[in-house]
Amino acid sequence: AKPVWLPSSDFGSQQPRQGAAPDTTMATFGNIEAQLAPEPVAEAPKLPTSQRKLKPGLTISNLAAEVFSVRFSPDGRYLAAGCGDGAIRVFNASTGTESANLTSNSSNGLPTTVIRFRPHGGDRTKNVLLAANANGGVEHWHVSSGKLLHAFPVKDDSNQVYALDYDQNGDRFATGGKDCAVRIYDEDSKKLLVTLKGGQGYGSHVAAGHSNRIFALKWHPTEPNCLVSGGWDNTIQIWDARKDGGAVRSFYGPHLCGDSLDISPDGSKVLTGSWRPEDQVQLWDFNTGKLLETVPWASSLIHHRDPCMVYAAQFSKHMPLVAAGGSGANEARVFDCERGNALVGVVAGLDRGVFTVDFAPGGKRLAVAGGDAAIRVLDVVDAAAWEKERPGTAAPVEAPPAVP
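Since the model is a prediction, treat every value here as computed from it, not as a measurement.

What the four strands build is an open sheet, ordered 12-13-14-15; its pairing is antiparallel. A strand with exactly one partner marks an edge of an open sheet, and here the two such strands are strand 12 (161–166) and strand 15 (192–196). Put simply, the sheet's adjacent strands are angled 20 degrees from each other on average, direction ignored. Both strand 12 and strand 13 (residues 172–177) contribute to a ladder of five bridges, which runs antiparallel. Each bridged residue has a counterpart across the sheet, and for Y166 the counterpart in strand 13 is F173.

So, about unusual backbone geometry. Of all residues except glycine, most have a negative phi; of all peptide bonds, most are trans. The backbone phi angle of N62 is positive, close to 60 degrees, even though this residue is not glycine. In this structure, N62 sits in the loop between strand 3 (52–60) and strand 4 (67–72). Exposure remark for N62: the relative accessible area of 60% places this residue in the exposed category. The phi angle at D279 is positive, at roughly 50 degrees, despite the residue not being glycine. Take D279: its relative accessible area is 38%, and that puts it in the partly exposed class.

This part takes up the side chain of H210. With respect to the helices, strands and loops of the structure, H210 is situated in the loop between strand 15 and strand 16 (214–219). At 3.0 Å, the side chain of H210 and the side chain of D233 are in polar contact. Beyond its immediate chain neighbours, meaning those up to four positions away, H210 contacts C180, S229, G230, G231, D233, T235, Q237 and W239.

Taken as a whole and assessed by the stated rule, the structure comprises eleven aromatic pairs. Ring geometry for Y162 and F215: centres 4.6 Å apart, planes at 15 degrees, overall stacked. On the criterion of sequence distance, the pair formed by Y162 in strand 12 and F215 in strand 16 is long-range, its members being 53 residues apart. You'll find Y162 and F215 in the same group, each marked buried. Geometry around F286 places R249 over its ring, the cationic atom sitting 4.8 Å from the centre.

A separate point is the environment of S73. Tracing the backbone shows S73 in the loop between strand 4 and strand 5 (78–83). Residue S73 is classed as buried on the basis of its relative accessible area of 0%. Taking the C-alpha atoms as reference, S73 lies 7.9 Å from P361; in sequence the two are 288 residues apart.

When you line up the elements, F286 lands in the loop between strand 22 (281–285) and strand 23 (291–295). Judged by its relative accessible area of 6%, F286 falls in the buried class. In this structure, the C-alpha to C-alpha distance between F286 and V270, residues 16 residues apart in sequence, is 5.8 Å. Non-local contacts of F286, meaning those with residues more than four positions away in its chain, are made with H220, C226, V228, I238, R249, G267, S268, K269 and V270.

Basis of the calculations
- Residues numbered from 1 in each chain as written.
- Predicted model: local features only at pLDDT ≥ 70, side-chain atom pairs only at ≥ 80, totals over all residues.
- Heavy atoms only, no water.
- Pairing = 2+ DSSP bridges.
- Helix = DSSP H or I, 4+ residues; strand = E, 2+ residues; numbered from the N terminus.
- Axes fitted to C-alpha atoms, helices over the stretch in contact; angles between N-to-C directions.
- Buried < 20%, exposed > 50% of the residue type's maximum accessible area, 1.4 Å probe, protein only.
- Polar contact = N/O pair within 3.5 Å; in protein donor to acceptor, adjacent residues only side chain to side chain.
- Contact = heavy atoms within 4.5 Å.
- Phe/Tyr/Trp six-rings, centres within 6.5 Å; stacked < 30°, edge-to-face > 60°.
- Lys NZ or Arg CZ within 6 Å of the ring centre and 35° of its normal.

Remember, this is a structural readout, not a statement about activity or role.
Quick look at the structure:
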């Protein structure tokens, strides 16, 4: 029988073995151990780091219901929360003490879905809050006095309103919701100015617009007659506020289920947060509708939790930061856009999902709230200073304990 050469560590010292069947499965030459050794593991690339971190601050807990929308007032004095029982609870943003509990008889206990403060400016009364309810009602409140200034009559309680926004000067506001239409009103007269809505059916003759519920609206910061909206139909629609009818253009991709749409202060980028387990937070070019980048969101920091599906997303008003939060992992994260979307901090370990986030006017505070009936306010601080204050804590921040 022909000898079969078995490989060894030294090809020059291979010896024949008599009587073995021919082996045609291996043809290896040279140093075998070296060839069979695992490939050297490349050093993992260093993740970008931020010079900012989150510092646990104020916690307002034991509210009577979950929080669907939270907003700082334009001067930063108040923090308002639209709650699941229909109430709007207003707090001192510095101390957390309750300043007002705004409840109208028209809410019928249905959730307050979204709130917005009117921008300060001119001779208008300050601290006016616009609120929408799941029954379709929209109300104006004066936060300082607790007075209901105006309420639109609920003509169709099946048209739930999920989205609100003021233009930059507070002259107009827009609403959106279940019936797929964007309505624009004059702030002073409260009259309906225009209704923006796509047509029914398919084809080039049909006006473009939403085919399902609208969950987010945003006026463009530099184009006074431009609005952007998103919702369940996986589209972002761009509207001209001067024209009745359909959208002027759109792009496809984001699946919005909450207040997770924003525009960068310079108007060049659109931020979206999608309720899905991947590609949740994305940035889009406003002019072209092209996807610019997807902010990386790894699995939850808490073991055995599902990925985070985003309900809320927002740009900081004065810092290059993005905040987002959602359900599944029940967490919120802040990313540094100037540092390769480096992670600034995480609010994790929550019992229920995050439904809403809001940066304070100066950008140095962030409110996070949702299904656990608590509002957590965190400070955005310099990482080096925070490390000196509490060594070893300039790492992702877990949720501070709820304190009544």
